[in-house]
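If you want the building blocks of each chain, they are given just below.
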Amino acid sequence: MKHFEANFDGLVGPTHNYAGLSFGNVASLSNAALTSNPKAAAKQGLQKAKALADLGMVQGVLAPQERPDLYTLRRIGFSGSDAEVLQKAAQQAPALLNACCSASSMWTANAATVSPSADTRDGKVHFTPANLVDKLHRSIEPITTGNILQATFNNDRHFKHHQHLPEHTSFGDEGAANHTRLCSEYGHAGVELFVYGQEATNPSAVKPTKYPARQTLEASQAVARLHQLEDESCVFMQQNPDVIDQGVFHNDVISVGNQNVLFYHEQAFLNTDTKFDEIRRKMNADMHFVKVATSQVSIDDAVRSYLFNTQIITLPSGEMAIIAPTNCQENPAVFAYLNELVTLGTPIKQVRYYDVKQSMQNGGGPACLRLRVAMNEQEVAAVNQNTIMNDALFTRLNTWVDKHYRDQLTVSDLADPQLIIESRTALDELTQILKLGSVYQFQR
Ligand SMILES: NCCC[C@H](NC(=O)CCC(=O)O)C(=O)O
């Protein structure tokens, strides 16, 4: 049977904006209050997704969330008509209004952790939505994320959907951004590498001092248990707290894997040698650890360019390619490194650049925009086919964006009641295009 690694990209929602909501995410903080362009953001995302489909990859899309989130605003005491709720929140608690308006669900690497059927005891593909408790604006995502995942992977025979972990910092979970599956072939059992930032129940363990470590070991272990993974196919590795303090808020800002390749910065992890030995032993296949030294690319350049927030994909030809943001071309050290990388004899043979600047300005690169789901052909056939990218869907979604999205949005526009109507109209139409049913609260 054939096996694929599909990428499901998050569609950028109509309220894409720069509100500086993510402490520890350098781009989010430094671009706070910039004017965003939701239409351009959505189109950049669609271009990247379509380009991968055109390369012969299985490519899907995941719907964005309903924003402004009036339900959360009502839950915290704002009342009256929708317009009044928005207006009162804007006057009395603008920071809370901003948190309820973020389009952050676009970064689907944080939507969930996914374990393919080749790794799980019951032979199903398992999904656990991330609780994202570290950031208020993201902690309101998991229920709707679960609805969207169930409407996209809507087949009980092949797909198992779990509830998100308990909403407490002990179980801080940021999903696939801190999870990499290594394997020889996508359809063979692999090693699931869980990277965490801190141990919640061990006060003497090292952790960052300046910025939060969003993922805990306890959360990663819980996901591994839920997904019915064998101990022998899991590795739990701590991210270097010093790099978290330099702006590496998720592991996918400092390393990325694909099949038997792990591309990483030398400062990415703690206890690197011991843990890599464990990976080698559990893999039972050759591993390529492709190390980038600080002398080649500094942490600062890695964070600015998102060298490691690239996607490594295996093309139908069997060659691997890196899908990079154009920001990597613009950074001299990183561009020089990537030009050299393809000559080094590693499985990575090409680099392709895409402009995702609207997302990058909030700290989300190509890898943040996609959720990977390795599947066999039966499982691919069981996915809601209306979410799979092709020429027709690409045209349809671009037309939909043109019709509903603004080309300018500032933080002060978030109090505009018209935005509620625009957003709901757009999302209602989207659920018909993707045949998702009623995934949003306003539809229930
Ligand atoms: N995987 C990339 C996630 C980026 C995301 N940025 C944000 O939410 C910024 C939103 C703002 O500041 O308006 C985050 O930090 O979780």
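Predicted model only: the values in this text are computed from it and were never measured.

J.: Describe in detail the environment of Asn384, supporting the description with residues and values.
T.: You can see Asn384 is positioned in the loop between helix 15 (377–382) and helix 16 (391–404). Excluding residues that lie within four positions of it along the chain, Asn384 makes contacts with Ala151, Thr152, Asn154, Leu434, Lys435 and Leu436.

J.: Account for the site of the ligand, naming residues and giving values.
T.: The environment of the ligand is made up of 19 residues, and the closest members are Leu21, Ser22, Ser28, His137 and Cys368. Contact distances for the ligand include 3.0 Å between an oxygen atom and a side-chain N or O atom of Asn25. His250 places a polar side-chain atom, nitrogen or oxygen, 3.5 Å from a nitrogen atom of the ligand. Residue composition of the shell around the ligand, by class: six nonpolar, 11 polar and two charged.

J.: Describe the sheet that holds strand 7 (residues 191–196), with residues and values.
T.: Across a sheet, paired strands are connected by hydrogen bonds in the backbone, their directions being either parallel or antiparallel. The strand order across the open sheet formed by three strands is 6-7-8, and the pairing between neighbours is mixed. Edge positions in the sheet fall to strand 6 (179–182) and strand 8 (234–238), since each of these pairs with one other strand and no more. Strand-to-strand twist of the sheet, defined as the mean angle between neighbouring strand axes without regard to direction, takes the value 20°. Bridge analysis of strand 7 against strand 8 gives five bridges, and the strand direction is parallel. When the bridges of strand 8 are listed, Phe194 appears paired with Phe236. Where helix 10 (residues 272–283) meets the sheet, it contacts strand 6, strand 7 and strand 8, and its direction lies at approximately 170° from that of strand 8.

J.: Describe helix 13 (residues 332–341), listing the residues and the values that go with them.
T.: Buried within helix 13 we find Val334, Tyr337, Leu338 and Leu341. Along the axis of helix 13, the buried positions cluster into a sector of 95°, meaning they face one direction only. Close packing links the buried residues of helix 13 with strand 10 (261–265), strand 11 (288–292), helix 11 (299–305), strand 13 (320–325), helix 12 (327–330) and strand 14 (348–354). Where helix 13 starts, the residue carrying a side-chain oxygen 3.2 Å from the main-chain nitrogen of Ala333 turns out to be Asn331.

J.: Any chance you could break down the UniProt feature "active site" (unreviewed entry) in the protein for me, citing the residues and the numbers?
T.: Here the UniProt-annotated "active site" (unreviewed entry) positions come out as Glu174, His250 and Cys368. A compact arrangement is adopted by the annotated residues: their sequence extent is 195 residues, whereas the largest C-alpha distance between any two is 11.2 Å. Of the annotated set named above, His250 and Cys368 line the second largest cavity. Taking relative accessible area as the criterion, His250 reaches 2% and is therefore assigned buried.

J.: Hey, could you go over the packing of helix 16 against helix 17 (residues 418–433) for me, with residue numbers and the actual values?
T.: With their axes 10 Å apart at the nearest point, helix 16 and helix 17 run at an angle of 165° to one another. Between helix 16 and helix 17, the interaxial angle falls into the category roughly antiparallel. Where helix 16 crosses over helix 17, the handedness of that crossing is right-handed. Seen from helix 16, the contacting residues are Leu393, Arg396, Leu397, Trp400, Lys403 and His404; seen from helix 17, they are Glu422, Thr425, Ala426, Glu429, Leu430 and Ile433.

J.: Describe the sheet that holds strand 1 (residues 3–10), naming the residues involved and giving the relevant values.
T.: The three strands are arranged 2-1-15 in an open sheet whose pairing can be described as mixed. Unpaired on one side and paired on the other, strand 2 (59–62) and strand 15 (370–376) mark the two borders of the sheet. For this sheet, the mean angle separating the axes of adjacent strands, direction not counted, is 30°. Two elements, strand 1 and strand 15, share seven bridges in a ladder whose sense is antiparallel. Paired with Asp9 across the two strands is Arg370, which belongs to strand 15.

J.: Go over helix 16 with me, naming the residues and quoting the values.
T.: Between its first and last C-alpha atoms helix 16 spans 20 Å; for 14 residues at 1.5 Å apiece the expected length is 20 Å, and the two agree. For helix 16, the set of buried residues is Leu393, Phe394, Leu397, Asn398, Trp400, Val401 and His404. The buried side chains of helix 16 occupy one side of the element, clustering within an arc of 160° when seen end-on. Facing away from the buried side of helix 16 by over 90 degrees, the exposed positions are Asp391, Ala392 and Lys403. Regarding helix 16, its N-cap is Asn390, as a side-chain oxygen of that residue lies 3.2 Å from the backbone nitrogen of Ala392 further along.

Here is what the cut-offs are and how they apply
Residues numbered from 1 in each chain as written. Predicted model: local features only at pLDDT ≥ 70, side-chain atom pairs only at ≥ 80, totals over all residues. Heavy atoms only, no water. Helix = DSSP H or I, 4+ residues; strand = E, 2+ residues; numbered from the N terminus. Contact = heavy atoms within 4.5 Å. Near = heavy atom within 4 Å. Polar contact = N/O pair within 3.5 Å; in protein donor to acceptor, adjacent residues only side chain to side chain. Nonpolar A, V, L, I, M, F, W, Y, C, P; charged D, E, K, R; others polar. Pairing = 2+ DSSP bridges. Axes fitted to C-alpha atoms, helices over the stretch in contact; angles between N-to-C directions. Buried < 20%, exposed > 50% of the residue type's maximum accessible area, 1.4 Å probe, protein only. Arc of directions from axis to C-beta. UniProt positions renumbered as here; feature names shortened; annotations may be inferred. 1 Å grid on protein atoms, 1.4 Å probe; cavity = no way out; pocket = protein on both sides within 12 Å on 5 of 7 lines; lining within 4 Å. Parallel < 35°, antiparallel > 145°, perpendicular 65-115°, else oblique. Left-handed = near helix turned anticlockwise from the far one by under 90°. Expected span 1.5 Å × (residues − 1).

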